[in-house]
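Listed below, chain by chain, are the residues.
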Amino acid sequence: MSSSAFLPALLAILLGGFATVALGEPAAARQKELIHLVRQDCGSCHGLTLQGGLGPALLPAALAGKPVEGLVATIIGGRTGTPMPPWHRFLTQDEAQWIVEKLMTGFPE
């Protein structure tokens, strides 16, 4: 491999490894905490069964076609002018993404 091709290949390997670590699933105990948070805290506005209430439904059919990045941004930053608060004090970006992915496929009990 030429030296001009080596650096981009090395960067791809290093960044690929970083992305895998950064986007890993939360530990089992943290997953339980996140499930409880969604069911109780999010459920207080979105309905305890996530079928909607003050906030919209968070069921897979309601989220279909919505960009994951936008949903994660809404969780982390909230929505100005609405009752949706920011959750960045309680969740990491990766945890918010895990929540969105679970909501889009049917949230666990």
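As the structure is a computational prediction, the values presented were derived from the model and not from experiment.

*Asks:* Can you lay out the overall build of the protein chain for me, pointing to particular residues and giving the numbers?
*Replies:* Within the protein chain one finds 5 helices and 0 strands. Mapped from its N terminus to its C terminus, the protein chain presents α and β elements in the order α-α-α-α-α. Per-residue burial for the protein chain yields a buried fraction of 28% across its 109 residues. Of the contacts made within the protein chain by residues no fewer than 6 positions apart, 51% connect residues no fewer than 24 positions apart. Summed over all atoms, the accessible surface of the protein chain reaches about 7,100 Å², with 64% contributed by carbon and sulfur.

*Asks:* Break down the pattern of salt bridges for me, with residues and values.
*Replies:* With the rule as written, the count across this model stands at 4 salt bridges. The partner of Glu 25 in a salt bridge is Lys 102, with the nearest N and O atoms 3.9 Å apart. Remark: Lys 102 occurs in helix H5 (residues 93–105) and Glu 25 occurs in the loop between helix H1 (3–22) and helix H2 (28–46); sequence separation between them is 77 residues. Here Glu 109 ties to Arg 39 by a salt bridge, and the two come within 3.4 Å at their closest N and O atoms. Linking Glu 109 in the segment after H5 with Arg 39 in helix H2, this pair joins segments that are 70 residues apart in sequence. On the basis of relative accessible area, Glu 109 is assigned to the exposed category, the value being 79%. Counted as one network, the salt bridges with shared partners bring together Arg 30, Glu 33 and Glu 95.

About the cut-offs
Residues numbered from 1 in each chain as written. Predicted model: local features only at pLDDT ≥ 70, side-chain atom pairs only at ≥ 80, totals over all residues. Heavy atoms only, no water. Helix = DSSP H or I, 4+ residues; strand = E, 2+ residues; numbered from the N terminus. Buried < 20%, exposed > 50% of the residue type's maximum accessible area, 1.4 Å probe, protein only. Contact = heavy atoms within 4.5 Å. Areas by Shrake-Rupley, 256 points an atom, 1.4 Å probe, with all protein chains shown as cover. Salt bridge = Lys/Arg side-chain N within 4 Å of Asp/Glu carboxyl O.

Any functional reading would require information that these geometric values do not contain.
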